[in-house]
Amino acid sequence: MSDSSISLNTCILILKEHHLLKSSAVQDAVPTKMDYISYDSRDIKTNTLFFCKGKGFRPTYLSMAKDSGATCYVAEQPYPEGKGMHALVVRDVTKAMALLSAAFYRFPQDDLYVVAFTGTKGKTTSAYFLKGMLDQINGGRTALFSSVDDIVGPKPEDKFKASLTTPESLDLFRDMRTAVDNGMTHLVMEVSSQAYKKNRVFGLTYDLGFFLNITPDHIGPNEHPNFADYLHCKLQLMVNSRKCIINAMSDHFDEIYAAATTTTNPDSIYLFARNDFENPNLKQPIDFRFQSVETDMKETEFKLFCASDKAKKLPIAGDYTLQMIGDFNEMNGTAAIIGAGLAGENYEECAKGIRHVTIPGRMEALPSKNHGTVIVDYAHNKASMMALMSFMQREFNNPKIIVVVGAPGDKGVSRRPGFSESLTAYADKAFLTTDDPGFEDPMDIAQEIDAGIDHEKVNVTIELDREKAIHDAIAMSDKDDIVLICGKGADPYQKIRGVDTPYPTDIKVAESVINELEKDDEELE
């Protein structure tokens, strides 16, 4: 990274070009070349460009940055604490940070084939599927930015736990530069609505942009004020993609398609849907269709058809098998296969690449002798809960469904009534528990979900100790029951009052409960 730097003149030109610069103050005696950039006053080197950003920003952070070697600051107002530094006063510091970070890290996006997924559910699974296929043709040189792991190179140390679904712009461009320097040629990333709300991907154009679906989510005091704002942020991905791939079955399809056509020729917009899906109001032909063949607790088989003339140019039609269970994964798989086809892959490469992809904490099934089938899944909103439970109901012919679930605090407040609705629709028994309560009281969150459940249909227990809730759910189940442990997936911590508190993960807890119960059962026999 030592050769990354940016001059004050370049910063001023970029900010002027995007009509962001309100004023600049240049100091004669201060170096005009910046060798480091940061938005964290604890991470400063000599000649650092420092961004004054965030709701929690305090002027004292600027003093700290200056004392540690920062020579220039970017902010939405001038600060006396920055006296003696170059000052760039801008209309929007998050947009400025995205543009200047891209320039500082020498526009790494230009050296990568960048693919982005957005949607209320399915982003992570689709991203992992596509990485599995692209790795077939580029020798494993596909970088990944997801809500599970970030991968910026081929070595074990190049893989780390993601802190945000889409990183802050400065971290995003730094990680992209690392990926390029590590020889990566493709990047698959999830793009959250917050990424656009907070300008984390401002100025970034994707080679392929996917819109999987949308249902109300992430609406609350710290996120989107309403659904219209959530949808607007999601649609920005279509506006900023060279080719757009859209699930024609999605709600708000007309708005999604209209957003895509603002910057993309219809020839470069591809639609996909289930084989039996018909919408008489749809003016555009559907390019790709998929059809279930068979799904069981080990794998999912489906067929992909190229329906339109432009789809037939991609040699990707055929039979596919996924190691991920759940018929809803056929949609995620189809999206990813279209992406691989547009990136130059053929059917054999796609089928081989997607065949054995698994994702930590997604649809992980743990069989037990006497206590039914235990499924750990990241399902954390109404759409994914409904898809998961309806699949189980069909697959197992109306089994008893026992669900362990909680809702996070401080965000996604709109999910809580969605949990109440989905549990009422499908669950026989619900254990409401703790899931990243943040600064809220987990009991208040559980009671809020409980208040919306029809207790004539669902027996509810509030058990805030998540490990005990999982234990009790599995212990009460019989061998034909389904136990769904939802929400945390492979997360190894609980977010409690601003602290990531270690937690063994739902998988590990469930495994140890099953082992303990089976040992007890053997002793009784």
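Residues numbered from 1 in each chain as written. Predicted model: local features only at pLDDT ≥ 70, side-chain atom pairs only at ≥ 80, totals over all residues. Heavy atoms only, no water.

J.: When you look at the overall build of the protein chain in this model, what are you seeing that I'm missing?
T.: In terms of regular secondary structure, the protein chain is built from 16 helices and 26 strands. Relative to the 2.2 N^0.38 estimate, which gives 24 Å for 525 residues, the radius of gyration of the protein chain is 24 Å and therefore close to what a compact globule would have. Summarising its shape, the C-alpha atoms of the protein chain cover approximately 85 × 55 × 45 Å along the three principal directions. Buried positions account for 57% of the 525 residues belonging to the protein chain. Accessible surface computed for the protein chain: about 21,700 Å², of which carbon and sulfur atoms make up 49%. Within the protein chain, the 77 negative side-chain charges are centred at a point lying 6 Å from the centre of the 56 positive side-chain charges. (Helix = DSSP H or I, 4+ residues; strand = E, 2+ residues; numbered from the N terminus. Rg over C-alpha atoms; globule rule 2.2 N^0.38 Å. Buried < 20%, exposed > 50% of the residue type's maximum accessible area, 1.4 Å probe, protein only. Areas by Shrake-Rupley, 256 points an atom, 1.4 Å probe, with all protein chains shown as cover. Lys, Arg positive; Asp, Glu negative; His and termini not counted. Charge placed at Lys NZ, Arg CZ, Asp CG, Glu CD.)

J.: Would you mind showing me how to read the sheet that holds strand β10 (residues 149-151) here?
T.: The strands making up a sheet associate through backbone hydrogen bonding, with each pair oriented either parallel or antiparallel. Strand order in the open sheet formed by eleven strands is β11-β10-β9-β12-β8-β13-β14-β15-β16-β17-β18, and the pairing between neighbours is mixed. Strands at the two margins of the open sheet, each flanked by one partner only, are β11 (159-161) and β18 (318-322). The mean inter-strand angle of the sheet, taken between neighbouring strand axes irrespective of direction, is 20°. Direction of pairing for strand β16 (residues 288-295) relative to strand β17 (residues 300-306): antiparallel, over a ladder of seven bridges. Within the sheet, the bridge partner assigned to Phe290 lies in β17 and is Leu304. Helix α4 (residues 123-138) rests against β8 (113-118), β9 (142-145), β10, β12 (186-190) and β18 of the sheet, and its axis sits at about 175° to β12. (Pairing = 2+ DSSP bridges. Axes fitted to C-alpha atoms, helices over the stretch in contact; angles between N-to-C directions. Contact = heavy atoms within 4.5 Å.)

J.: Is there a simple way to think about the UniProt feature "domain: Mur ligase C-terminal" (unreviewed entry) in the protein chain in this case?
T.: Mapped onto this numbering, the UniProt entry gives "domain: Mur ligase C-terminal" (unreviewed entry) at residues 361-489. In this annotation, residues 361-489 is assigned 36% helix and 21% strand; the end-to-end C-alpha distance for the span is 4 Å. (UniProt positions renumbered as here; feature names shortened; annotations may be inferred.)

J.: When you look at the environment of Thr178 in this model, what are you seeing that I'm missing?
T.: Among the secondary structure elements, Thr178 is positioned in helix α5 (residues 169-181). In sequence terms Thr178 and Ala143 are 35 residues apart; their C-alpha atoms lie 9.9 Å from each other.

J.: What am I meant to see in the pairing of strand β7 (residues 86-90) here?
T.: Note on strand geometry: in a regular strand, side chains alternate between the two faces of the sheet. Burial analysis of β7 places five of its five residues in the buried class, the great majority of the element. The alternating pattern of β7 places His86, Leu88 and Val90 and Ala87 and Val89 on opposite faces, both of which are buried. By the bridge criterion, four bridges tie strand β2 (residues 21-25) to β7 in an arrangement that is antiparallel. Bridging from a neighbouring strand, Ala25 pairs with Ala87 of β7.

J.: So what exactly am I meant to see when it comes to the pattern of salt bridges here?
T.: Any two side chains of opposite charge can pair, given that their charged atoms come close. One pass over the structure, following the stated rule, counts 26 salt bridges. Two residues, Asp171 and Arg174, come together in a salt bridge whose shortest N-O distance is 3.0 Å. In this pair, Asp171 and Arg174 both sit in helix α5, three residues apart, roughly one turn of the helix. Residue Asp171 is classed as buried on the basis of its relative accessible area, which comes to 15%. A salt bridge links Glu440 to Arg416; the nearest nitrogen and oxygen atoms lie 2.9 Å apart. (Salt bridge = Lys/Arg side-chain N within 4 Å of Asp/Glu carboxyl O.)

J.: Looking at this model, I keep getting lost on α4. Mind explaining?
T.: In this model, α4 (16 residues) spans 22 Å end to end at C-alpha, consistent with the 22 Å of a helix rising 1.5 Å per residue. Burial of α4 is extensive: 13 of the 16 residues sit out of reach of the surface. In the stretch just after α4, Gly139 is the one whose phi turns positive, near 70°. (Expected span 1.5 Å × (residues − 1).)

J.: I would appreciate a short explanation of the sheet that holds strand β19 (residues 364-367) in the present structure.
T.: In spatial order, the strands read β19-β20-β24-β21-β22-β23; together these six strands make up an open sheet with mixed pairing. Strands with a single pairing partner mark the edges of an open sheet, and in this sheet they are β19 and β23 (459-462). Taking the axes of each pair of neighbouring strands and ignoring which way they run, one obtains an average angle of 15° across the sheet. In the packing of helix α13 (residues 415-426) onto the sheet, contacts are made with β21 (401-405) and β22 (429-432), and the angle to β21 comes to roughly 165°.

J.: Explain the packing of α4 against helix α10 (residues 328-342) here, please?
T.: For any two helices packed against each other, one specifies the inter-axial angle together with the distance between the axes. Running from N to C, α4 and α10 point in directions that differ by 40°, and their axes come no closer than 8 Å. As far as their axial angle goes, α10 and α4 are oblique. The crossing of α4 and α10 is right-handed. Residues Thr125, Ser126, Phe129, Leu130 and Met133 of α4 pack against Asn329, Asn332, Gly333, Ala336, Ile337, Gly339 and Ala340 of α10. Here the residues of the contact of α4 with α10 sort into six nonpolar, six polar and no charged. (Parallel < 35°, antiparallel > 145°, perpendicular 65-115°, else oblique. Left-handed = near helix turned anticlockwise from the far one by under 90°. Nonpolar A, V, L, I, M, F, W, Y, C, P; charged D, E, K, R; others polar.)

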